[in-house]
Structures are given as structure tokens and as C-alpha cells.
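Below, each chain spelled out in residue letters.
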Amino acid sequence: MNSIKEQLLALHHSRYMTTRNLYKLYLLQKQYFPKQNLLSLLPKIHLSPAIAKEIEKDVSLYYENKVSDGYSQQNIRTMTILDQDYPESLKEIHDPPLVLYIKGDLSLLQSPSKRLAVVGSRAPTEYGSKVLNYLIPPLIKAGLVIVSGLAKGIDRFAHETAIEAGGHTIAVLGNGFFHPYPAENTKLSEFIGANHLLVSEYPPPQMPQKWHFPARNRIISGLSVGTIIIEGKYKSGSLITAYSALEQGKEVFAVPGQILHPNSEGPHRLIKEGAKLVAHPDDVLEELIPFL
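Description of the structure in this document.

So, how was this worked out
- Residues numbered from 1 in each chain as written.
- Predicted model: local features only at pLDDT ≥ 70, side-chain atom pairs only at ≥ 80, totals over all residues.
- Heavy atoms only, no water.
- Helix = DSSP H or I, 4+ residues; strand = E, 2+ residues; numbered from the N terminus.
- Rg over C-alpha atoms; globule rule 2.2 N^0.38 Å.
- Buried < 20%, exposed > 50% of the residue type's maximum accessible area, 1.4 Å probe, protein only.
- Areas by Shrake-Rupley, 256 points an atom, 1.4 Å probe, with all protein chains shown as cover.
- Lys, Arg positive; Asp, Glu negative; His and termini not counted.
- Charge placed at Lys NZ, Arg CZ, Asp CG, Glu CD.
- Pairing = 2+ DSSP bridges.
- Core = buried A, V, L, I, M, F, W, Y, C linked by side-chain atoms within 4.5 Å.
- Contact = heavy atoms within 4.5 Å.
- Axes fitted to C-alpha atoms, helices over the stretch in contact; angles between N-to-C directions.
- Phe/Tyr/Trp six-rings, centres within 6.5 Å; stacked < 30°, edge-to-face > 60°.
- Right-handed = clockwise from strand over helix to strand, strands pointing away.

**Things to note about the overall build of the protein**
For the protein, the helix and strand inventory stands at 12 helices and 9 strands. Relative to a compact globule of 292 residues, whose C-alpha radius of gyration would be 19 Å, the protein shows 20 Å and is just as compact. Its C-alpha atoms give the protein principal-axis dimensions of roughly 55 × 35 × 35 Å. Evaluated residue by residue, the protein yields a buried proportion of 51% over its 292 residues. As presented, the protein carries roughly 13,800 Å² of accessible surface, and 54% of it is formed by carbon and sulfur atoms. Distance from the positive charge centre (30 side chains) to the negative charge centre (28 side chains) of the protein: 5 Å.

As C-alpha cells, then:
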């Protein structure tokens, strides 16, 4: 019988296996049926016989096509929540990803207190870019690894600024490695995968979907000791990341902006709700001293 790790990976590749149902199977196996094959537990999560049959077909194809061997040949590492090197900070969130796909420097996952998320608007102003250039180099000098989502705008600039400052960066994706998104970040994605670290909870062949990105944000904050928001509208992905950080008990920082610009709505809302106002790199570092 294949190991539970391989079973998780195979099920994770099924078109008919939702994240929620996979988690149900994992908990059932862990808590009540530790010696049983995960496939044998499908009836216990009340799937229809037709869906269960399709899942079984997909699992068979995964093994027949030796998918995991193909990933290894492309320097893609698979990691499950069962692995010893799975990030402890992710295990602590209420909905940890059961499976991660990783490309790059795995050591960047081993120091949770050294990781800081930086996220913001996909359409930043010149002010937002200047803020990044002002804040990130001192944070890099203090030994922090910058985590972001490789989206347009602030995310991309955060990765680039960290690299230019001689630091390290982790990009958490809302897509599989075989489908870089957005396309304009393809070269940067390849560079990070070769020299830093790419992380995704989606199998490499998975196309990006709209709902992937809000889910991705919990991993950005979950990997990090704190999250900085630099520009973002009242309702934006960066605020989803901030609230994920709050739910996870992490530090949240916000950079104030021009009061008449919509990109300032998100950070100002967070500051009103208790986020630490950031006007200088030391505003971040003094809060993180216990973790560094």
C-alpha cells in the first residue's frame, strides 16, 4: 500500500476531490482509521458513488503516470503536513494546506521568526514604490525574509526590492508552477524558483482560478511572523491577508497614505482597528525584536 503521503498527493490531483473533502479524509484517517487506505474512507464522507469512482480513476492515473517522479525531474518538491520539514507556523493555522509544492531554497521555510509578509495594491502609486525602497532594505539587513504573493504591483515590487537589497524572498502562488500568473511575472517567478523559493498549494498543472488567491493569502500570513500592508482599497486582497494574520495571532502593520487616494482606505482602516502604524523601519523591527 502506498504511504499516506503518496495517497494525499494522489487524491490532491483528482479533479473531483475538493480541499474540504480531502481534509475530512485526512482527519478521519488520523483520528479513527490510522491503518486504513484513504481511498477506502471515501464512503464515510458521503460522496456519491459516481464521484467516488471518478476520484479512484484519477488516483490510478496519478500512479500510472508516475507524476511525482516527473516533478522531481523538474526540481519540484512535494511536501505534506505529515513531513517533518513542513513549516510549523502553517500547522498552527486553523486551515493548513495539506499539500505544498515547492521550488527553490527549502531552508527559507525553516526560520518562521525571520519571515515578514509585505503585500499591497496591484495598482500602486509612486508613493507606494518609494515606501518599499525605504522600508525593505533595513528589514533585509535585520535578517528578515520577505514573503509576498507575486501579484502585480506591490507584491512584485516587494520581491524585487528584497532581491536588489541582497536578501531572500518567498513567493506564494495562487496557481500551479506550469501556469505562471500574471504572465508578465514569468521571468521573476523563474528567478525566484531558481534562487529563492516558490510555494503553492495547487498542483503544478493547475490553472489559476479567481478563488485561489484569497485562499493563498492565508499561507502568506501563516508563513510570516507579521504582515505589512502598503496601499490597498477598502476591499482588497491585501486586507484579506491582514485579517488572516489577525486571525492567526500575527502582528499587522500598515503604512498610512494620502487621505484622498483610494489606495489609502485599506491601511487607514487597519490602523483605526489597531494595526501598528509604520512610518519608519524601526516601527516594524521594535515589534519583532522578541522574534528575531
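**Some remarks on the pairing of strand 2 (residues 99-104)**
Here 4 bridges tie strand 1 (residues 77-80) to strand 2, and the two strands are oriented antiparallel to one another. Looking across to strand 2, one finds that Arg77 is bridged to Ile102. The pairing of strand 2 with strand 6 (residues 197-200) spans 4 bridges and is antiparallel. Residue pairing across strands places Lys103 opposite Leu198, the latter belonging to strand 6.

**Some thoughts on the nonpolar core**
Core analysis: the biggest nonpolar cluster contains 60 residues, and Leu11, Leu25, Leu42, Leu109 and Ile170 have the highest contact counts within it. Listed in part, the 22 residues of the second largest apolar core include Ile154, Ala158, Val255 and Val284.

**Some points on the sheet that holds strand 6**
The sheet built from 9 strands is open, its strands ordered 1-2-6-5-4-3-7-8-9 with mixed pairing. Of all the strands in the sheet, the pair left with one neighbour each is strand 1 and strand 9 (276-277). In this structure, strand 5 (residues 169-173) lies alongside strand 6, joined through 4 bridges in parallel fashion. Looking across to strand 6, one finds that Ile170 is bridged to Leu197. Helix-sheet contacts for helix 11 (residues 265-272) involve strand 7 (226-230), strand 8 (251-255) and strand 9, and the interaxial angle to strand 8 is about 130°. Against the sheet, helix 12 (residues 281-288) makes contact with strand 3 (115-120), strand 7, strand 8 and strand 9, and its axis sits at roughly 175° relative to strand 8, the strand it touches most.

**Some points on the environment of Pro138**
Looking at the secondary structure, you find Pro138 in helix 6 (residues 126-141). Taking C-alpha positions, Pro138 is 49 Å from Asp58, a pair spaced 80 residues apart along the chain. With sequence-adjacent residues up to four places away left out, Pro138 is seen in contact with Pro281 and Leu285.

**What to know about the packing of aromatic side chains**
Evaluation of the coordinates by the stated rule reveals 5 aromatic pairs. Judged by centre distance (6.3 Å) and plane angle (65°), the rings of Tyr71 and Phe178 are edge-to-face. Note that Tyr71 is positioned in helix 4 (residues 67-73) and Phe178 in the loop between strand 5 and helix 8 (186-195), a separation of 107 residues in sequence. Look at Tyr71 and you get buried, because its relative accessible area is 3%. An aromatic cluster of three or more residues is present, and its members are Tyr71, Tyr101 and Phe178.

**Digging into unusual backbone geometry**
Cis geometry is found at the peptide bond from Tyr181 to Pro182, where omega equals -10°. By secondary structure assignment, the location of Pro182 is in the loop between strand 5 and helix 8. A positive phi angle, near 50°, is found at Lys66, a position not held by glycine. Looking at where Lys66 falls in the secondary structure, it is placed in the loop between helix 3 (49-64) and helix 4.

**Re the pairing of strand 5**
With 5 of its 5 residues buried, strand 5 lies for the most part within the structure. The side-chain alternation of strand 5 yields two buried faces, one formed by Thr169, Ala171 and Leu173 and the other by Ile170 and Val172. Two strands pair when backbone bridges link them, and strand 4 (residues 145-148) and strand 5 are joined in this way by 3 bridges, in the parallel orientation. Its bridge partner lying in strand 5, Ile146 is registered against Thr169. Traced from strand 4 through helix 7 (residues 154-164) to strand 5, the parallel crossover comes out right-handed. What joins strand 5 to strand 6 is helix 8, and the crossover it makes is right-handed.

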